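# Structural features, examined
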Amino acid sequence: MSAACPDNRCDGSGFLWDEDARRARPCTCRPARMARKRAAAVAGRLPKRFREVSFDREPIASMNGALIREVREYVRVIGERLDAGRGLWFTGDVGTGKTTLAMLVSKAAMEADRTVAIYSLPRLLGLLRDSYDDDAVYSLTELLDRLCAVDLLHVDDVGAEQSSPWVLEQLYTIVNTRYEDGRAVVLTTNLSPPELQEQIGERTVSRITEMCGDPLLLKGTDQRVSMPDPFASDTPLPYGEPRARRLAS
């Protein structure tokens, strides 16, 4: 069944019947429908481990109050933030809760009926590499178009992939296209901003900072014990003024 027309004009099909011309013509809702269809090709579900994530559950419930207040405010008005192309990025040591907080943001976007694509960076780059195969469903250009069409692109472990000219080009293309189109990203990285610049390039980090402001820093010891890769099987294939943030987890 087609979704209802947000403009209350068509029957949900994206077309209007012109009685005088005896032909169908596109409804005003059709461009948005087509964008959502492209986005659905790469939209992902939350990995099973994170489906019950919330502010009231651990490990988030024990995290630093100032940091959580900032994330909570973002989630409270997430529709406005996504419409403005404003995202968040989290940095800190392994196991300090970066991915959990990013998953909370992605979950909130999904609950707001927004399209979300969730990938670890190594898996995302693997997907792009697979587009060169003869039997690939989408070409590289088509896949990049779809990645840039979702309301929120969530990329985990930015900077984890070994750099190469091809990797740097793909990352910059994705980030810059979303920057130019006013579409939000939520990112996590184990690297500090200077280290990330060294790994993925100053241009890309500059765009991320413009879209997300300064990173939210999580500190602490690794709280995970033998945790499997949350992306291994279950995931298909201006917010605030920029300011220095040094927030403990």
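An account of the accompanying structure is given in this report. (Residues numbered from 1 in each chain as written. Predicted model: local features only at pLDDT ≥ 70, side-chain atom pairs only at ≥ 80, totals over all residues. Heavy atoms only, no water.)

## A look at the packing of helix α5 (residues 121–130) against helix α7 (residues 165–181)
Packed helix pairs are specified by the crossing angle of their axes together with the interaxial distance, meaning the distance between the axes. Look at α5 against α7: their axes get within 11 Å of each other, and the N-to-C directions meet at 100°. Classified by the angle between their axes, α5 and α7 sit roughly perpendicular to one another. Facing Leu121, Leu124, Leu125, Leu128 and Arg129 of α5, the residues of α7 in contact are Trp166, Val167, Gln170, Leu171 and Ile174. Tallied by class, residues from the contact of α5 with α7 come to eight nonpolar, one polar and one charged. (Axes fitted to C-alpha atoms, helices over the stretch in contact; angles between N-to-C directions. Helix = DSSP H or I, 4+ residues; strand = E, 2+ residues; numbered from the N terminus. Parallel < 35°, antiparallel > 145°, perpendicular 65-115°, else oblique. Contact = heavy atoms within 4.5 Å. Nonpolar A, V, L, I, M, F, W, Y, C, P; charged D, E, K, R; others polar.)

## Concerning the packing of α7 against helix α9 (residues 202–212)
With their axes 9 Å apart at the nearest point, α7 and α9 run at an angle of 30° to one another. Viewed along their axes, α7 and α9 adopt a mutual orientation that is roughly parallel. α7 and α9 meet at a crossing whose hand is left-handed. Here α7 contributes Leu171, Tyr172, Val175, Asn176, Arg178 and Tyr179 to the contact with α9, which in turn contributes Arg203, Thr204, Arg207, Ile208, Glu210 and Met211. A class-by-class count of the residues in the contact of α7 with α9 yields six nonpolar, two polar and four charged. (Left-handed = near helix turned anticlockwise from the far one by under 90°.)

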